[in-house]
Amino acid sequence: MKKKNNILKKLANKAYEFGFVSKIKTEIIESGLNEEIIRLISKKKNEPEWLLEFRLTAYRHWQTMPMPTWAHLNIPPIDYQAISYYADPLKKNKENSNKEIDPELMKTFEKLGIPLEERLALSGTAVDAVMDSVSVKTTFKEELKEKGIIFCSMSEAVQEYPDLVRKYLGSVVNYRDNFFAALNTAVFSDGSFVYIPKGVRCPMELSTYFRINAANTGQFERTLIVADDNSYVSYLEGCTAPMRDENQLHAAIVEIIVNDNAEVKYSTVQNWYPGDAEGKGGVYNFVTKRGDCRGHGSKLSWTQVETGSAITWKYPSCILRGDNSQGEFYSVALTNNYQQADTGTKMIHLGKNTKSTIISKGISAGKSQNSYRGLVRVSKNADGARNYSQCDSLLLGNECGAHTFPYMDIHNNGAVIEHEATTSKISEEQLFYCNQRGIGTEEAIGLIVNGYAKEVLNKLPMEFAIEAQKLLSVSLEGAVG
Amino acid sequence: MDCVQEYIELFENNRTLIDGPCCKKLNEEREKAFVRFKTEGFPGLKDENWRHTNVAKKFATNFGMDLGRKSATSNIKGSFTCDVPNLKTYKGYVLNDNFVADENNRLLPEGVIIGSINEIAALHPELIGKHYNSLAEKGDSTVQFNTSFAQECMVLYVPKNVVIEETVQIIALLQTNVEILTNRRLLVIMEENSHASLLLCDHSATERESLSTSVTEIFIGRGASLNLYELEETTDSNTRLGNLFVRQEHDSRFNHCNITLTNGFTRNYVEVVLDGEGAETNINGLAIGDKMQHIDNRTLVDHRKGHCTSNELYKYILDENSTGVFSGKMLIRTVAQQTVSQQTNRNLCLTSCAHMYAQPQLEIYADDVKCSHGSTVGQLDENALFYMQQRGIPAEEARHLLMYAFAGEVIDNIKLEALRERLHILVEKRFRGELNHCKGCNLCK
């Protein structure tokens, strides 16, 4: 039995290749959550008074809220006082008043495949690298600035563009929205701030890489993207964390504002540490992502590949406020071992002739539970609204679960809403066919799963798509037989 | 004082009156149910299962309850026959919440029992003791409310290998000149390899505000089959809270069709437990709403054993300010391998003031299954309407034809030909606005 466990452990270790810890001197504030801590975070970031007030209002509201229990998840109680809400790996350098980054930090990101030196970077991608609570470096900032594009960390934006931040921050996700949104608003640290001016098509992919490194901390980043009239941007997000036996909390907010005829494409490859084969450890990923398609003819497209996290609670949404606006949601959620995912989207049709598409592919293996939960709401004035939803689930193994919970609230007779869902397993015939042609069972399953998820993977930018494909195969290792 | 407290006091102050005419089993279950109702109260809008149906508000009316069993003596049969032409039936009546047997019933097959639980419990205490409230025990607080106040339960017992050729029709009628709350109960026990068809008609002959809760428990034994048709034709002032619990054993079949033709405020809950291999269940529903009608159907099909099949089809046609709520869940447990399950929900919204909330759900823990669900909300096809008008069919007529065809899919699943034909006519009349009552009996004429 022990030997078997070792093999399992090996497999699990192999599967998660980003589980290393970097030895970086990090300044971590004492754990606990109270008004003093929030004042301290705000002071460390040298924030204006209004932002501190914004945080405190949210904190006071958060205290009155109960932890939500409606999701199809089994969330162990979380001790919010045991978490440290601010960890700064740059501290050492700040003392030396040197702008250079700790080489260890550079190495960490290199190891993750995210070189921070521009000459090494993949052409066409600008990166904002965030470790724990602080943005380490943002590349290609200057090149982007020439076009008038602002791409920087949130703390920088607060200092340099306070008017823009104040105008948009919290305008899509109010602090009263939900439990984790209130928590994030109270303690949020770095994330990215993107502003694309009128008529500009962003020449490169913008990307943020999130890394949790320090122990006993949580990551609470906040990202704000504003696409002004007739602009376009494609934004990517990736994330990893070290392997630890205790659970770590990640509660982020992403707000997107899309104005007239602008288009935003937001892609995520979520690969937080999922916990080991026995379900020990892993990141709790409780994220609120929402885009407001304010403008006429605006378009927002969410693409996500969810393979990590012990527990995922995530519903990237589109508010289709502008007439003729469009929302899209493409998702592949893979759960293995003891992972739990409750993810989906909300499409709120408010404007006339709005369209939304939902394609969700769930894959459950091991003893995991994977749920799709989505809402399509058509308000009274949303004439000509159109929605198409397709949610498929694939079950690998007889101990996992796949669930579908769609909600359709229709208040307009001009709406055409379609939803369909299927659940099945990989057929014996398909496997037999592959085996016959000399493809091993594990490889065959990887092949079939990738084919099943292709509709979504095709929507990812090139480099990401390749990474996601690899990730799907790797995450399934050990799930068969 | 909120209405929950009022009901609690009503119960506690009238305990002797409530217990009086009832058999021991009813009173035993009442005791347990009341404890639960007392702690839980009525479900609120924050309850996920009651998100769009505010039931607590409906209970707030100052209703009277016939705890002294006064309407038991009224003569229902003379005034109310509710015929389905060409359909031979054995009849039973429920007036408000009192069971009235029909003495004119031709002889039932040997061993079949139709009657009041309070009489049957004396003759067959084991039968009642084993079955009554055993499925409804876990129901929500509205079910517990019913169990607390129910003083009567109609029982249909079909023994082993007995086939009832003719349909058993149970006509429930509300007749009152005060605001009334009724608590109806039905228990159906189908032994091995038996077969029956049951038609439940729900009518109202009062314009007074009324609320009826009903709990139906059905046990279908190995190889047995039951067709159950429920037809609601009540008035705007009526609130109906129906709860149906079914437990199926090996190779049994259950066909259910629930049609809401006219109503005020309706909530139907259907829970089918497939507890034996090879069982099959088909549940269908049709709801036609206009004015301020509210129709909420919630279903749960619980696959507990492998090799079972379930099909579900619910259709809504919503006109004017009506509201439709559909929530259907297919639960496939780990052991229920080789399950085939299909759920379809289609809805027509005819005006911009009609609201539809649809929530088809799959909860699956077994891997070797074929499960799918689909749900749509839309309106009549403009091209089809145009096509028909081109060929000389007036717009209004074309609309009716399309709606009629849309509803037809549900009605065609009814296995009794006479009833199917009757329903086609009733639905067509309903679309033309000619139907307030079925015109089948003296009462409606």
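Here the structure is a predicted model, which is why all the values come from computation and not from measurement.

Q: An account of the overall build of chain B is requested, with residue identities and associated values reported.
A: When helices and strands are counted, chain B shows 10 helices and 19 strands. The globule rule puts the C-alpha radius of gyration for 445 residues at 22 Å, and the 21 Å found for chain B is close to it. Here the C-alpha coordinates of chain B stretch approximately 70 × 55 × 50 Å along the principal axes. A buried classification covers 62% of the 445 residues belonging to chain B.

Q: Outline the pairing of strand 3 (residues 125-131) of chain A, listing residues and values.
A: All names here are of chain A. Among the seven residues that make up strand 3, seven are buried, leaving the element largely enclosed by the rest of the structure. Judged by which residues are buried, strand 3 turns out to be covered on both faces: T125, V127, A129 and M131 on one side and A126, D128 and V130 on the other are all buried. Pairing of strand 3 with strand 7 (residues 205-211), which is carried by seven bridges, proceeds in the parallel orientation. In the strand pairing of strand 7, T125 is matched with E205. Alignment of strand 3 against strand 4 (residues 134-138), held across four bridges, turns out to be antiparallel. For V130, the partnering residue across the bridge sits in strand 4 and is S135. Counted along the chain from strand 3 to the antiparallel partner strand 4, the turn is two residues long, and its residue D132 has a positive phi close to 50 degrees.

Q: Mind laying out the confidence of the model for chain B, listing which residues take part and the relevant values?
A: Residues and elements named next belong to chain B. Across chain B, pLDDT averages 88, with 93% of residues at or above 70. Counting interchain partners and residues more than four positions distant, the pLDDT-below-50 stretch residues 438-445 has 25 contacts. Model confidence for the complex is summarised by a pTM of 0.86, with the ipTM given as 0.81.

Q: Now, about the interface of chain B and chain A: what can you tell me, with residues and values included?
A: A common way to report how large an interface is uses the accessible area buried once the components associate. Chain B puts 37 residues into the contact, and the matching count from chain A is 32 residues. Carbon and sulfur atoms make up 48% of the area that chain B and chain A hide from each other, which totals about 2700 Å². By the criterion of area lost to chain A, the three top residues of chain B are Y365, D367 and V377 of chain B, representing 21% of everything that side buries. At the surface where chain B touches chain A, the tally comes to 17 residue pairs in polar contact (both at pLDDT 80 or more). Mapped onto the side of chain B that touches chain A, the elements with two or more residues apiece are strand 18 (355-364) and strand 19 (370-378) of chain B. The element that contributes the greatest number of residues to the side of chain B that touches chain A is strand 18 of chain B, accounting for 10 residues.

Q: Give me the pattern of salt bridges: which residues, what numbers.
A: Any two side chains of opposite charge can pair, so long as their charged atoms come close to each other. According to the stated counting rule, one finds 51 salt bridges over all chains in the structure shown. Of the charged contacts in the structure, one is a salt bridge between R386 of chain A and E418 of chain A, with a shortest N-O distance of 2.7 Å. Here R386 of chain A, found in strand 22 (residues 386-396), pairs with E418 of chain A, found in strand 24 (residues 416-425); they are 32 residues apart in sequence, far enough to count as distant. The exposure class assigned to R386 of chain A is partly exposed, which follows from its relative accessible area of 34%. Connected via shared salt-bridge partners are R184, D202, E230, E232 and R240 of chain B.

Q: Hey, could you go over empty space enclosed by the protein for me, with residue numbers and the actual values?
A: Using the criterion set out here, one finds 10 cavities of 30 Å³ or more in the structure. The computed volume of the largest cavity comes to approximately 320 Å³. Along the walls of the largest cavity sit 23 residues, with A172, R184, L200, S214 and T216 of chain B positioned nearest its centre. For the lining of the largest cavity, the elements supplying multiple residues, two or more each, are strand 2 (98-101), strand 5 (167-174), strand 6 (180-190), strand 7 (195-204), strand 8 (210-220) and strand 9 (225-233) of chain B. Forming the boundary of the second largest cavity are 18 residues, of which S360, G362, N370, S371 and Y372 of chain A lie nearest the centre.

Q: Account for the side chain of N268 of chain B, with residues named and values stated.
A: Counting through the fold element by element, N268 of chain B comes out in strand 12 (residues 265-274). Apart from residues lying up to four places away in sequence, N268 of chain B is in contact with R240, G242, N258, T260, D296, N297 and R298 of chain B.

Q: Any details on the packing of helix 1 (residues 3-13) of chain B against helix 7 (residues 141-149) of chain B? Residues and values, ideally.
A: All names here are of chain B. Close contact between helix 1 and helix 7 brings their axes to 11 Å; oriented N to C, the two are set at 25 degrees. When the axis of helix 1 is compared with that of helix 7, the two are roughly parallel. Our pair here, helix 1 against helix 7, has a crossing hand that is left-handed. Residues Y7, L10 and F11 of helix 1 form the contact with helix 7, whose participating residues are F145, S148 and F149. Its residues placed into classes, the contact of helix 1 with helix 7 shows five nonpolar, one polar and no charged.

Q: Got a sec to walk through unusual backbone geometry? Specific residues and values, please.
A: For N216 of chain A, which is not a glycine, the phi torsion comes out positive at approximately 55 degrees. The phi torsion at N337 of chain A lies on the positive side, around 50 degrees, for a residue other than glycine.

Q: Run through the environment of N161 of chain B, naming residues and quoting values.
A: Residues and elements named next belong to chain B. Assignment of secondary structure puts N161 in the loop between strand 4 (154-158) and strand 5. Placed 149 residues apart in sequence, N161 and S310 show a C-alpha to C-alpha distance of 24 Å. The contact partners of N161, leaving out residues within four places of it in the chain, are E192, N193 and S194. A polar side-chain atom of N161 sits 3.5 Å from a polar atom in the side chain of N193.

Q: Tell me what's going on with helix 12 (residues 462-475) of chain A, and back it up with residues and numbers.
A: Residue and element names in this part refer to chain A. Helix length check: helix 12, at 14 residues, gives a terminal C-alpha distance of 20 Å against a target of 20 Å (1.5 Å per residue), a fit within 8%. By the burial criterion, the buried members of helix 12 are F464, A465, A468, L471, L472 and S475. Down the axis of helix 12, the smallest arc covering the buried residues is 125 degrees, so these residues share one side. Exposed positions of helix 12 whose direction lies more than 90 degrees from the buried face are M462 and K470. Here the buried face of helix 12 lies against strand 9 (232-240), strand 12 (263-270), strand 14 (299-306), strand 17 (326-335) and helix 11 (441-457).

Q: Can you tell me about the packing of helix 3 (residues 49-63) of chain A against helix 9 (residues 179-187) of chain A, naming the residues and giving the values?
A: Residue and element names in this part refer to chain A. Their axes nearest at 7 Å, the elements helix 3 and helix 9 cross at an angle of 145 degrees. Helix-helix and strand crossings are classified by hand; for helix 3 and helix 9 the assignment is left-handed. Here helix 3 contributes F54, R55, A58, Y59 and W62 to the contact with helix 9, which in turn contributes F179, A182, L183, T185, A186 and V187.

Thresholds applied
- Residues numbered from 1 in each chain as written.
- Chains lettered and ligands numbered in written order.
- Predicted model: local features only at pLDDT ≥ 70, side-chain atom pairs only at ≥ 80, totals over all residues.
- Heavy atoms only, no water.
- Helix = DSSP H or I, 4+ residues; strand = E, 2+ residues; numbered from the N terminus.
- Rg over C-alpha atoms; globule rule 2.2 N^0.38 Å.
- Buried < 20%, exposed > 50% of the residue type's maximum accessible area, 1.4 Å probe, protein only.
- Pairing = 2+ DSSP bridges.
- pLDDT = per-residue confidence, 0-100.
- Contact = heavy atoms within 4.5 Å.
- Buried area = accessible area lost by both parts, 1.4 Å probe.
- Polar contact = N/O pair within 3.5 Å; in protein donor to acceptor, adjacent residues only side chain to side chain.
- Salt bridge = Lys/Arg side-chain N within 4 Å of Asp/Glu carboxyl O.
- 1 Å grid on protein atoms, 1.4 Å probe; cavity = no way out; pocket = protein on both sides within 12 Å on 5 of 7 lines; lining within 4 Å.
- Points joined across faces, edges and corners; volume = space filled by probe spheres on them.
- Axes fitted to C-alpha atoms, helices over the stretch in contact; angles between N-to-C directions.
- Parallel < 35°, antiparallel > 145°, perpendicular 65-115°, else oblique.
- Left-handed = near helix turned anticlockwise from the far one by under 90°.
- Nonpolar A, V, L, I, M, F, W, Y, C, P; charged D, E, K, R; others polar.
- Expected span 1.5 Å × (residues − 1).
- Arc of directions from axis to C-beta.

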